[in-house]
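Tertiary structure, described
For reference, the chains in residue letters:
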2 protein chains.
Amino acid sequence: MTRLTRDSIVTTAIEVIGKHGSEQLSVRRLGEAIDADPTAIYRHFRSKDELLRAIGDRCLIGVTDDLPTTSWRECIRELCIRIRAANLAQPALATLVRGAPPRHDNERRITETILARLGEAGFDSAAAAFAYHALIELTIGSAAIDSSLASEDSAARARIYAEWRSDYAALDAGMFPRSVGGAASLYPGTADDRFAYALDRLLDGLAGTLS
Amino acid sequence: MTRLTRDSIVTTAIEVIGKHGSEQLSVRRLGEAIDADPTAIYRHFRSKDELLRAIGDRCLIGVTDDLPTTSWRECIRELCIRIRAANLAQPALATLVRGAPPRHDNERRITETILARLGEAGFDSAAAAFAYHALIELTIGSAAIDSSLASEDSAARARIYAEWRSDYAALDAGMFPRSVGGAASLYPGTADDRFAYALDRLLDGLAGTLS
DNA sequence: ACCTGAACACCGTTCAAGT
DNA sequence: ACCTGAACACCGTTCAAGT
């Protein structure tokens, strides 16, 4: 590291996360990676939280680029799927879930894109605001929930889901008849599939308010 | 504390959270409250995570009691609103978001209730599973997102939302025209209102798959 | 102007030893 | 059988001092 800047710290932090996993990103470890005293970071970021948010925004680079122009639904659907993917790629970020507004450029472009497509589709600004918040809550919330398993590979995830299905199947059938009966159907597909299903149903519901 | 049990530890932990806030619940602080050595807790819980989950389940007591019988939608809607409220009442729990299956009784009753109402409504087990996961992702995910502000009172929350609207309004109107134009409409109502809207649109979409 | 390093006030968890 | 207490291996953050 020739020079310490916000950008260079973020870059190194992402390398550290890539190598050691996002739970292992501590101020001390990051200090080692940037070859400076850990506390030097506090010269560039007010807190670790602020650093994590900057990392989060870096991960969102390009999510609003080249989105489908076929329809507002397709565009927003693809954007939400990309946001989720970006969040799951850095599981530590998903735990940073928060209702605060975007303070960084990539985040701002997301808001702008969603509001613009909704506006063009015919939502007035009140309806667009409710729809925007609904989409973000589902997308970010779902990523937070799924992030616990995001570090496993797909075979491991499939194995874990199978275990969980067995747990349901082993419940007392008198008290939990539907859980036992439906156990084999729970956790269908991948977490991405389940998110896509939820997103599509939410978009159905939102589209229904237009007519 | 006359005797240390899982239940008595959970009860005391909830008292500590009530007094000091859920971020302040540490093993050491809880040890003080139960008037025992902090590490005695590890005799009853494998980890702090296991303790938090037990606390989480305690907070869900009664959520499946006396639900509306008017329709599957009304029943599930009310249940999701109660689950959200229970999670927001203990903000620490919302950060425990996870995709793992319920391992405690109150959680299990939630799954059973949702699957049962969906089944009665005509969803087959595959469709019911997708619908169940969609509802849970939105409900728990949204609670996680909103938990950061749950400890503030409603006046403080309203003030914070007003600030966030100003942030949007202050953006560059050339780059973010819709965000600036729609700023006054963002964060409409309370977080509960926005969740209810999202939940209703998701239920619209799910109901649409029945016909 | 920028960075260091000691220090503060904490964490969750383990395990040999006590009663 | 149950609990203690020392210890381990860490945290995020502040601030006077250095260069």
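Values in this document were obtained by computation on a predicted structure and should not be read as measured data.

Turning our attention to the overall build of chain A. The secondary structure content of chain A amounts to 10 helices and zero strands. Counting from the amino terminus, helix and strand elements in chain A follow one another as α-α-α-α-α-α-α-α-α-α. Projected onto the principal axes, the alpha-carbon positions of chain A cover approximately 60 × 50 × 25 Å. Expressed as a percentage of the 211 residues in chain A, the buried residues total 50%. A separation threshold of at least 6 residues defines the contact pool for chain A, and within that pool the share at least 24 residues apart is 62%. For chain A, the exposed surface amounts to about 9,700 Å²; the carbon and sulfur share of it is 48%.

To continue, consider the nonpolar core. Grouped together as the largest cluster of nonpolar side chains are 86 residues, with contacts concentrated most on Ile114, Leu118 and Leu135 of chain A together with Ile114, Leu118 and Leu135 of chain B. Sort the elements by how many residues they give to this core and helix H7 (residues 125-150) of chain B lands first, with 11 residues. Among all residues touching Leu118 of chain B, those that are not within four sequence positions of it are Trp72, Ile76, Phe123, Ala128, Ala131 and Tyr132 of chain B.

Right, let's get into empty space enclosed by the protein. Residue and element names in this part refer to chain A. A full pass over the atoms with the stated rule returns one cavity of 30 Å³ or more. When its volume is computed, the largest cavity comes out at roughly 30 Å³. Around the largest cavity, the lining residues are Val27, Ile41, Tyr42, Phe45, Ser47, Lys48 and Leu51.

To continue, consider the interface of chain B and chain A. Contacts between the two partners involve 58 residues from chain B, matched on the other side by 58 residues from chain A. Counting each side, the surface lost to burial between chain B and chain A is near 5,100 Å², with a carbon and sulfur contribution of 67%. If you look at where chain B meets chain A, you find zero salt bridges. At the junction of chain B with chain A, the criterion picks out 10 residue pairs in polar contact (both at pLDDT 80 or more). If you list the elements that add at least two residues to the side of chain B that touches chain A, you get helix H6 (105-121), H7, helix H8 (154-169), helix H9 (177-182) and helix H10 (191-208) of chain B. In terms of residue count, H7 of chain B provides more of the side of chain B that touches chain A than any other element does, 18 residues in total. Among the residues forming the side of chain B that touches chain A, the class breakdown is 31 nonpolar, 12 polar and 15 charged.

Residue and element names in this part refer to chain A. Counting through the fold element by element, Thr139 comes out in helix H7 (residues 125-146). Take Thr139: its relative accessible area is 1%, and that puts it in the buried class. For the pair Thr139 and Ile83, spaced 56 residues apart in sequence, the C-alpha to C-alpha distance is 7.4 Å. Setting aside anything within four residues of it in sequence, one finds Thr139 in contact with Cys80, Ile83, Arg84 and Phe195.

With that out of the way, let us pick up the protein's contact with DNA strand D. Near DNA strand D lie 16 residues; those nearest to it are Arg28, Thr39, Tyr42 and Lys48 of chain A together with Asp37 of chain B. When the atoms of DNA strand D within 4 Å of the protein are grouped by moiety, sugar and phosphate amount to 46% of the total. Side-chain polar atom of Lys48 of chain A to a phosphate oxygen of DNA strand D: 2.7 Å apart, as the coordinates give it. Split by residue class, the surface near DNA strand D holds six nonpolar, five polar and five charged.

Enumeration over the complete set of coordinates arrives at 10 aromatic pairs over all chains. Ring plane angle 75° and centroid distance 5.5 Å describe the contact between Trp72 of chain B and Phe123 of chain B, whose orientation is recorded as edge-to-face. Linking Trp72 of chain B in helix H4 (residues 72-89) with Phe123 of chain B in the loop between H6 and H7, this pair joins segments that are 51 residues apart in sequence. Residue Trp72 of chain B is classed as buried on the basis of its relative accessible area of 17%. A residue is classified by how much of its surface remains accessible, and Phe123 of chain B, at 6% relative accessible area, is buried. Aromatic rings pair up to connect Tyr161, Trp164 and Tyr187 of chain A into one cluster.

For the rest of this paragraph, the subject is the relation of the copies chain B and chain A. Note on the identical chains: chain B maps onto chain A by a rotation of 180° and an axial translation of 0.0 Å, with an RMSD of 0.0 Å. Read as a symmetry element, the transformation amounts to a two-fold axis. When each C-alpha of chain B is compared by its distance to the rotation axis, Gly141 of chain B comes out closest, at 1.7 Å. In this assembly, 100% of the residues forming the interface of chain B have copies in chain A that are likewise at the interface, indicating an isologous arrangement.

Another point: the protein's contact with DNA strand C. Taken together, 15 residues lie around DNA strand C, and Asp37 of chain A together with Arg28, Thr39, Tyr42 and Lys48 of chain B are the ones closest in. The sugar-phosphate share of atoms of DNA strand C within 4 Å of the protein amounts to 46%. One of the backbone N or O atoms of Asp37 of chain A is found 2.6 Å from a phosphate oxygen in DNA strand C. The side chain of Ser26 of chain B places a nitrogen or oxygen atom 2.9 Å from a phosphate oxygen of DNA strand C. When its residues are assigned to classes, the surface near DNA strand C shows five nonpolar, five polar and five charged.

Turning to the state of the cysteines, a few remarks are in order. For the structure shown, the criterion picks out zero disulfides over all chains. Between Cys80 of chain B, a free cysteine, and Cys75 of chain B, which holds the nearest cysteine sulfur, the sulfur-to-sulfur gap is 9.4 Å.

Attention shifts here to the domain arrangement of chain A. Taken as a whole, chain A is organised into domain 1 (6-58) and domain 2 (65-211). Domain 1 of chain A and domain 2 of chain A are separated by 28 Å when their C-alpha centres are compared.

Rules used in this analysis
Residues numbered from 1 in each chain as written. Chains lettered and ligands numbered in written order. Predicted model: local features only at pLDDT ≥ 70, side-chain atom pairs only at ≥ 80, totals over all residues. Heavy atoms only, no water. Helix = DSSP H or I, 4+ residues; strand = E, 2+ residues; numbered from the N terminus. Buried < 20%, exposed > 50% of the residue type's maximum accessible area, 1.4 Å probe, protein only. Contact = heavy atoms within 4.5 Å. Areas by Shrake-Rupley, 256 points an atom, 1.4 Å probe, with all protein chains shown as cover. Core = buried A, V, L, I, M, F, W, Y, C linked by side-chain atoms within 4.5 Å. 1 Å grid on protein atoms, 1.4 Å probe; cavity = no way out; pocket = protein on both sides within 12 Å on 5 of 7 lines; lining within 4 Å. Points joined across faces, edges and corners; volume = space filled by probe spheres on them. Buried area = accessible area lost by both parts, 1.4 Å probe. Salt bridge = Lys/Arg side-chain N within 4 Å of Asp/Glu carboxyl O. Polar contact = N/O pair within 3.5 Å; in protein donor to acceptor, adjacent residues only side chain to side chain. Nonpolar A, V, L, I, M, F, W, Y, C, P; charged D, E, K, R; others polar. Near = heavy atom within 4 Å. Phe/Tyr/Trp six-rings, centres within 6.5 Å; stacked < 30°, edge-to-face > 60°. Least-squares fit on C-alpha atoms with pLDDT ≥ 70 in both. Disulfide = S-S within 2.5 Å. Domains from an automatic or database assignment.

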